[in-house]
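Here's the letter readout for the chains.
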Amino acid sequence: MDFELTPEQKLVRETARKFADQEIIPVARENDALERFPWDLIKKMAPLGFLGATVPEKYGGAGLDYISDAIIFEEVGRGCSSLRTIISVQVSLAEHTILKWGTEEQRQNYLPKLCGGEYLGCFGLTEPGAGSDPASMKTAAARKGDGWVLNGSKTWISTGSLANVAVIFAQADPSKGYKGITAFLVEKGTPGFSSRDITGKMGLRAANTAQLFFEDCFIPGKNLVGSPGEGLKIALDALDNGRFGVAAGCVGIMQGCVDACVKYSKERYQFGRPIASFQLVQDMIARMCVDMDAARLLVYRAGHLKNRGVRNTIETSMAKYFASEAAVRAATDAIQVHGGYGYSNEYPVERYLRDAKVATIYEGTSQIQKLIIGENILGVRAFV
Amino acid sequence: MIVRRRRGILRTSKNVDIIVCLKRVPDTGARVEIEGTGVREEGLDWVLNPYDEFGVEEALKIKAAHGGKVTVITAGAPGGEDVLRKALAMGVDEAVYIKDAGLKGADDHGVSRVLAKAISRTPFDLILCGKQSTDAQAGYVGGALAGLLGIPLVSAIRELKISGKSFEAGREVEGGVETVEATLPAVLTAEKGLNEPRYPALAGIMRAKKQEIKYLDLPSLGINPEELENPLKRVSLTYPSIERKGKVLNADSGSIKEFAGFIKSII
Ligand SMILES: Cc1cc2nc3c(=O)[nH]c(=O)nc-3n(C[C@H](O)[C@H](O)[C@H](O)COP(=O)(O)OP(=O)(O)OC[C@H]3O[C@@H](n4cnc5c(N)ncnc54)[C@H](O)[C@@H]3O)c2cc1C
Ligand SMILES: Cc1cc2nc3c(=O)[nH]c(=O)nc-3n(C[C@H](O)[C@H](O)[C@H](O)COP(=O)(O)OP(=O)(O)OC[C@H]3O[C@@H](n4cnc5c(N)ncnc54)[C@H](O)[C@@H]3O)c2cc1C
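Residues numbered from 1 in each chain as written. Chains lettered and ligands numbered in written order. Predicted model: local features only at pLDDT ≥ 70, side-chain atom pairs only at ≥ 80, totals over all residues. Heavy atoms only, no water.

A few words on the overall build of chain B. Along the backbone of chain B there are six helices and 13 strands. Overall, the C-alpha framework of chain B stretches about 85 × 45 × 40 Å when taken along its three principal axes. A buried classification covers 42% of the 267 residues belonging to chain B. Of the contacts formed within chain B by residues at least 6 apart in sequence, a portion of 72% connects residues at least 24 apart. For chain B, the exposed area adds up to about 15,200 Å²; of that, 51% sits on carbon and sulfur atoms. (Helix = DSSP H or I, 4+ residues; strand = E, 2+ residues; numbered from the N terminus. Buried < 20%, exposed > 50% of the residue type's maximum accessible area, 1.4 Å probe, protein only. Contact = heavy atoms within 4.5 Å. Areas by Shrake-Rupley, 256 points an atom, 1.4 Å probe, with all protein chains shown as cover.)

Here we come to the confidence of the model for chain B. Residues and elements named next belong to chain B. For chain B, the mean per-residue pLDDT works out to 86, and 91% of the residues sit at or above 70. In the model, residues 1-12 has pLDDT below 50 throughout and makes 16 contacts with residues more than four positions away in sequence or in other chains. Scored as a complex, the prediction yields pTM 0.90 and ipTM 0.85. (pLDDT = per-residue confidence, 0-100.)

The next point concerns the site of ligand 1. Residues and elements named next belong to chain A. In the neighbourhood of ligand 1, 16 residues make up the surrounding shell, with F123, T126, S132, W156 and T365 lying closest. Across the complex, the protein chains shield 66% of the 970 Å² of accessible surface that ligand 1 would expose by itself. Elements supplying a minimum of two residues to the shell around ligand 1: β3 (147-158) and α10 (366-378). Grouping the amino acids of the shell around ligand 1 by side-chain chemistry returns nine nonpolar, six polar and one charged. (Near = heavy atom within 4 Å. Nonpolar A, V, L, I, M, F, W, Y, C, P; charged D, E, K, R; others polar.)

Further remarks concern the sheet that holds strand β7 (residues 94-99) of chain B. Residue and element names in this part refer to chain B. In space, the nine strands of this open sheet follow the order β11-β10-β9-β12-β8-β1-β6-β7-β13, with mixed pairing throughout. If you trace the sheet from one side to the other, it starts and ends with β11 (176-183) and β13 (213-216), each paired once. Strand-to-strand twist in this sheet, taken as the mean axis angle between neighbours without regard to direction, amounts to 30°. Looking at chain direction, strand β6 (residues 70-76) and β7 are connected through six bridges and run parallel. Across the sheet, G76 pairs through a bridge with K99, a residue of β7. Packing against the sheet, helix α2 (residues 80-90) makes contact with β6, β7 and β13, and its axis sits at approximately 170° to β7. Set on the sheet, helix α3 (residues 108-119) makes contact with β1 (18-21), β6, β7, β8 (126-130) and β13; between it and β6 the angle comes to about 145°. (Pairing = 2+ DSSP bridges. Axes fitted to C-alpha atoms, helices over the stretch in contact; angles between N-to-C directions.)

All names here are of chain A. As a matter of local geometry, ligand 2 sits amid 13 residues, with R268, F271, Q336, V337 and G340 nearest to it. R268 has a polar side-chain atom sitting 2.5 Å from an oxygen atom of ligand 2. Between ligand 2 and the protein, one listed contact pairs an oxygen atom with a backbone N or O atom of Q336 at 2.6 Å. Out of a free accessible area of 970 Å², ligand 2 has 44% covered by protein chains. Sort the elements by how many residues they give to the shell around ligand 2 and helix α7 (residues 279-307) lands first, with three residues. (Polar contact = N/O pair within 3.5 Å; in protein donor to acceptor, adjacent residues only side chain to side chain.)

With that settled, the discussion passes to helix α5 (residues 202-210) of chain B. Among the residues of α5(B), B:L202, B:G204, B:I205, B:M206 and B:A208 are the ones counted as buried. Structurally, α5(B) contributes buried residues whose contacts are with α1 (7-33), α2 (39-48) and α3 (66-79) of chain A together with α2 of chain B.

This part covers a nonpolar patch on the surface. Taken together, the side chains of B:F259, B:I263, B:I266 and B:I267 make up a nonpolar region of the molecular surface, amounting to roughly 430 Å² of accessible area. Along the polypeptide, B:F259 turns up in helix α6 (residues 256-266). (Patch = residues over 30% accessible without salt bridge, like charges linked within 9 Å, V, L, I, M, F, W, Y side chains within 5 Å. Salt bridge = Lys/Arg side-chain N within 4 Å of Asp/Glu carboxyl O.)

Shown next as C-alpha cells:
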C-alpha cells in the first residue's frame, strides 16, 4: 500500500488547486448570491482538461486516472459546489455513459464536444413520481419507424435547461418492469422537448436545475444508448461514477471548512484569547479534520478500485454516504466556529452548509446508500 | 530548413533557443526544521522555485512569438524530476537533469560551474534563471553563469522585448524602471511581475509523463566532484528571532494628534 500521490497526481493537484484559488473562489460567493451560471469558468476549465479528465485522449479527454479525478473534484468542490456539480454531471454522468454504453459514432460525435466545453450534457433519471425508486418511472418510449417517441417529464435535472445533449431514461416496455427501461440521447432543440428552470434552491444556486418535458418527441434510432431494456443498468452504473465525484467534492467542502476555521479561530479573540485556544473550539475543528481525512481515504479507496477496473458500488456508496453527511456536520460546525459571522455570506461557511446538504440527497439519498451497503453486508434487500 | 546555430555565428533564423535553469525548493508554506547547519529534508513538500517558474513562462511566451526550442535544466541530488516534469507539463520541449550524488555538498558556485559546463555544450540564444531561489535566496547562479560563459547578465527583469538578435529588458529600480538594451546571447534573471505563469493543462501533464528526461552526471561532463569543494563554509543556521513590540497608547499621556498620527502610520 502506498499513500503517496504520483508526480502526475501532484501536478494535477497543483493545477486544480491554483485554478480553485485564483479563478473559482473569487467569484463563488457572487455567483451563489446572484444565481449566476458560471459560464466563464466552464470556458476556462475546458482547455485545462477539467471537462473530460478521465475520458481517453482519443475522444478529447485527458486520459487521467481516478485519483487525479478525485483531486480535481475535491479542489473544484472546495471552490464552488455548483461548478463541481456541473462537471460531475458533464463528466461522470453524461460523458462516461456515452463512453461506456454509446456507439462508436455517438462517442466520436459527442465526447470531443463535451470534453472541449462546446457542449454541455445532462442526465435525466428522476421524475416527479420517481426519485429514490427510478424503476417506477412513467416517461414512455414507444417505437415509431426506425426511432422512438418519448412522452413524459423529468424533474430536478442538473444543467437541464442548458444542456446540448441529454441522457434520458424512459420506459419502453412496462410489461417488463425495470427491464423495460431504456436510455436515449436527446439533443437540445428536438421538437417536443422543452424545459423549465427550478428556482429558489437552498444551495447549488449557481448551477442550473430544471424540469424536462417530452411531448411526442421523436428520437432517431441511432440515439439509442445500449440495448432496449438496459437503461436501469446503465443508470446505476453511471451513478457509481457520479457518486464518486460527489464524495470527492464533499471532501473539498470539508477542506474549505477546515481552512476557514483554522484561519478565523486564530484571528478571532474572545475573553482575551484567540478562540482557537478554547478546547470546545478545538473539539469542533479536530472532528472536522478527522471526518475529512476519513472521507478522503474512502474516496481514494474507491478511486483505486476504479483504476484497477474492479467493481466498486459498495465502496463508492460508502464514500458518498460518509463524505456527504460529514460535509454537512463540518459545515454546521464551521458556522458555529465563526459565531454570528458564520451566519452571513461574508464568510463561505454558510454556503458550504447549503451546498453540502444536497449531496446527502442527489445521486441516491443517504438512506438509499445505507440500504445498498446494508444489503451487501446482510444479504437481505430492503427495497425492490 | 534546419539551421544549425552556434554561439557567435551569424544566425539566419529568428528562432530563439532558450535554456531555463530550475531549482527544487521547499514549499514556502512548509514548516522548516533546522538540522545542524542545514534543514531537515524529510517530509518537506517541494516545489519548483517560483522565480524559475516565471523563467519557464517567459521562455514559453518567447517561443510562441519567435519560435525556437525551450530546454530546462536542473542539477542536484535526488528529486529533480518533479520540477522538470512540471516544466514539461507547462510545455517546454526538453528536460536535462544533471543527477549526481557528488552534487550534494556543492555550493552555488559549484552548481553554477556544473550548469555552465552542460549549457556550453548546447547551442542557445538565451538563458533564463529565477532572480533567486526562495530557500537560500543567494541570487548567485544567474550571475555566475553569465560570468562563466562570458555573456551579458541582466538581473531581476520585469519586462522583456526581443527583436531579432537584440532585446530590451526592464528592471525595477528604486523609484522607477530601468530599461537596458543588449544583444543575445545573454543571461536574464526573472523577477516577480514578469508574467503570470500558466497552469499545466491535464493534457500537458499526461504528455510530460511520457517525455524522456535526459540524464547527465559529473563524469560525463568531465568534472571531478572534488573540484566542487566549497570556498564558502556555512558556519551556522538559526531561526529568525521574533520580536513582539507592543505600544501602549495612553489616553491621558498623548495628544489626540499623536494618537491619530500613530494610527495613520500603521494603516
Ligand atoms: C439540486 C438537485 C439536483 C439534482 N440533479 C439530478 C440530475 O441531474 N439527474 C437526476 O436524474 N436527478 C437529479 N436530482 C434528483 C435526485 O437524485 C433525487 O432528488 C433523489 O434521488 C431523491 O429522490 P426524491 O427527491 O424524489 O425523494 P424521495 O425518493 O421521495 O425520498 C424522500 C425521502 O424518503 C426516503 N426514502 C425513499 N425511499 C426509501 C426507502 N426505500 N427506505 C428508506 N427511505 C426512503 C429518502 O431517503 C428521502 O429521505 C437532483 C436533485 C437535486 C435536489
Ligand atoms: C441573526 C443574528 C441576530 C442577532 N441578534 C442580536 C441582537 O439582537 N442583540 C445582540 O446583542 N446580539 C445579537 N446577535 C449576536 C449574537 O448574540 C452573537 O453572534 C453570539 O453571542 C456569538 O458571538 P460572536 O458571533 O461574536 O461569536 P464568538 O463569541 O466570536 O464565538 C465564536 C465561536 O467561539 C466559541 N467560543 C467563544 N468563547 C468561547 C469559550 N470561552 N469557550 C469555548 N468556546 C468559545 C463560540 O461558542 C463560537 O463557536 C445576533 C446574531 C445573529 C447571527
